[in-house]
Amino acid sequence: MTRIVITGATGAIGTALARHYASQGSAGSSQGSAGQGNQLILHGRRTDVLEQVAEACRRRGASVETSQVDLNDDDALFGWLDSLCEPTPPDIVIVNAGMNINIGEDGRGESWDDASRLLQINLRVPMAMGNFLGKRMRAAKRGQLVLMSSLAGYHGLPVTPSYSASKAGVKAYGEALRGWLAPHGVGVSVVMPGYVSSKMCHEMPGPKPFLWQPERAAKRIADGIARNRARISFPFPLNFGCWWLAVLPAAVSQRLLKWFDYGEGTH
Ligand SMILES: NC(=O)c1ccc[n+]([C@@H]2O[C@H](COP(=O)([O-])OP(=O)(O)OC[C@H]3O[C@@H](n4cnc5c(N)ncnc54)[C@H](OP(=O)(O)O)[C@@H]3O)[C@@H](O)[C@H]2O)c1
């Protein structure tokens, strides 16, 4: 049986991941064994939605626990993670909860209160979880951490400065953890999706080329996790384009963003 923790399980990608792993006999990693239902620990804030997701996963054969611990409260978060590490750390922890904000339709700019809340859940929480679980997994010589970044982490998008910064931070943090933990048998993957249909995605202004459904994204993510990929980024055309934005001279990248309708005041 594979133990899998998913935060943000009430959102589009989190729910799709939960359902995907619930349908599998094992998570497909070398740590799972076929023929046994996976054990899912699903985190979410909205009780009714979380229960619906949990029930759907139980019907697929998984055993499911839920948690509504406040991820933004360090003591509560570390207490929860400590309990999850008994008797051993989980096999896979997917740090998926996150939010997005933008500069507004008139390009007025982000509110600092919103930006602070975003940095808390998008960057500080993944770092807190990586800090705690990285040490526990290292000591146990097992486990896999999966951090949710975004293609927006390659190069900042003018309409979402704080989101881009948080996802660039998650990318760098995950890459660093991978190097630290690999010699100890612990896997770390950074996930960089393009546009995946969700509340957050549709609330964001601007074009959404190559939009994927959450189920397709979940399958791609789970395949990458099973292979312990350092970076799980998709879809290919958008990944390739965003990757170039990071390697080209900055002035060229800025101009390309404007051409492709991602500049300030273009929505
Ligand atoms: N969709 C995309 O196009 C896309 C692209 C790249 C990366 N991503 C990343 O993928 C992850 C999942 O996003 P999604 O598309 O599935 O969005 P979503 O449907 O809006 O789900 C977001 C999830 O995060 C949870 N969450 C938000 N703020 C939280 C907080 N302060 N404390 C605890 N939980 C919180 C939400 O909980 P509630 O249900 O309680 O609100 C929800 O479960 C995010 O990290 C996002 O940045 C998404």
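This text goes with the structure placed above it.
A short tour of the structure in this document, coming up.

About the cut-offs
Residues numbered from 1 in each chain as written. Predicted model: local features only at pLDDT ≥ 70, side-chain atom pairs only at ≥ 80, totals over all residues. Helix = DSSP H or I, 4+ residues; strand = E, 2+ residues; numbered from the N terminus. Rg over C-alpha atoms; globule rule 2.2 N^0.38 Å. Buried ≥ 20, exposed ≤ 12 C-beta atoms within 10 Å, placed from the backbone. Contact = placed C-beta atoms within 7 Å. Near = placed C-beta within 6 Å. Nonpolar A, V, L, I, M, F, W, Y, C, P; charged D, E, K, R; others polar. Axes fitted to C-alpha atoms, helices over the stretch in contact; angles between N-to-C directions. Parallel < 35°, antiparallel > 145°, perpendicular 65-115°, else oblique. Left-handed = near helix turned anticlockwise from the far one by under 90°. Pairing = 2+ DSSP bridges. Core = buried A, V, L, I, M, F, W, Y, C linked by C-beta atoms within 7 Å. Expected span 1.5 Å × (residues − 1). Arc of directions from axis to C-beta.

Considering the overall build of the protein chain
(1) Moving on: Tallying secondary structure elements over the protein chain gives nine helices and seven strands in all.
(2) Moving on: Here the C-alpha radius of gyration of the protein chain, 18 Å, is about what a compact globule of 267 residues would show, namely 18 Å.
(3) Moving on: Overall, the protein chain is about 50 × 40 × 35 Å in size when its C-alpha atoms are taken along their principal axes.
(4) Moving on: By residue count, 42% of the 267 residues in the protein chain fall in the buried class.
(5) Moving on: Relative to all contacts within the protein chain whose residues are 6 or more apart in sequence, the contacts with residues 24 or more apart total 72%.

Details of the site of the ligand
(1) Moving on: With respect to spatial proximity, 24 residues lie near the ligand, and among them Gly8, Gly11, Arg45, Gly98 and Ser198 are the closest.
(2) Moving on: Among the elements of the structure, helix 1 (12-23) and helix 6 (199-203) are those that each provide at least two residues to the shell around the ligand.
(3) Moving on: Grouping the amino acids of the shell around the ligand by side-chain chemistry returns twelve nonpolar, nine polar and three charged.

So, the packing of helix 1 against helix 7 (residues 214-226)
(1) Moving on: Contact pair helix 1 / helix 7: the axes reach a minimum separation of 8 Å and the direction vectors enclose 60 degrees. When the axes of helix 1 and helix 7 are compared, the pair comes out oblique. With respect to the hand of their crossing, helix 1 and helix 7 are arranged in right-handed fashion. Note on element contacts: helix 7 touches helix 1 through Pro214, Glu215, Ala217, Ala218, Lys219, Ile221 and Ala222, opposite Ala12, Ile13, Ala16, Leu17, His20 and Tyr21.

A few points about the sheet that holds strand 3 (residues 63-67)
(1) Moving on: Pairing within the open sheet is parallel, and its seven strands lie in the order 3-2-1-4-5-6-7. Each edge of the open sheet carries a strand with a single partner, namely strand 3 and strand 7 (231-234). When strand polarity is set aside, the average angle formed by the axes of neighbouring strands in this sheet is 15 degrees.
(2) Moving on: Note that strand 6 (residues 187-193) and strand 7 share four bridges and pair parallel. If you follow Val190 over to strand 7, its bridge partner there is Arg231.

Points about the packing of helix 3 (residues 74-84) against helix 4 (residues 112-140)
(1) Moving on: Viewed as axis vectors pointing N to C, helix 3 and helix 4 meet at an angle of 40 degrees, and their least axial separation amounts to 10 Å. Considering the angle they form, helix 3 stands oblique to helix 4. Our pair here, helix 3 against helix 4, has a crossing hand that is right-handed. Counting all contacts with helix 3, which are made through Asp74, Leu77, Phe78 and Leu81, the residues of helix 4 involved are Ala128, Met129, Phe132 and Leu133.
(2) Moving on: In terms of residue class, the contact of helix 3 with helix 4 is made up of seven nonpolar, no polar and one charged.

Focus on the nonpolar core
(1) Moving on: Counting 65 residues, the largest nonpolar core has Ile6, Leu17, Ala18, Leu40, Leu42, Val93 and Val146 as its most contacted members.
(2) Moving on: No other element matches helix 1, which puts seven residues into this core.
(3) Moving on: Setting aside residues no more than four positions away along its own chain, Leu40 makes contact with Ile4, Ile6, Ala18, Tyr21, Ala22, Cys57, Ala62 and Val64.

Some remarks on unusual backbone geometry
Most peptide bonds take the trans form, and the phi angle of most residues other than glycine is negative.
(1) Moving on: Cis geometry marks the peptide bond from Glu86 to Pro87; its omega dihedral reads 0 degrees.
(2) Moving on: Mapped onto the secondary structure, Pro87 falls in the loop between helix 3 and strand 4 (92-95).
(3) Moving on: Residue Pro235 follows Phe234 across a cis peptide bond; omega there is -10 degrees.
(4) Moving on: Of note, Pro235 is situated in the loop between strand 7 and helix 8 (236-247).
(5) Moving on: Unlike most non-glycine residues, Lys141 shows phi in positive territory, near 55 degrees.
(6) Moving on: Given 12 C-beta atoms within 10 Å, Lys141 falls into the exposed group.
(7) Moving on: The phi torsion at Phe210 lies on the positive side, around 55 degrees, for a residue other than glycine.
(8) Moving on: Tracing the backbone through its elements, the reader meets Phe210 in the loop between helix 6 and helix 7.

What to know about helix 7
(1) Moving on: With 13 residues, helix 7 extends 18 Å between its outermost C-alpha atoms, agreeing within 8% with the 18 Å of an ideal straight helix rising 1.5 Å per residue.
(2) Moving on: For helix 7, the complete set of buried residues consists of Pro214, Ala217, Ala218, Ile221, Ala222 and Ile225. Buried residues of helix 7 fall within an arc of 130 degrees about the axis and therefore sit on the same side.
(3) Moving on: Looking at the packing, one finds that the buried side of helix 7 touches helix 1, strand 4, strand 5 (144-148), strand 6 and strand 7.

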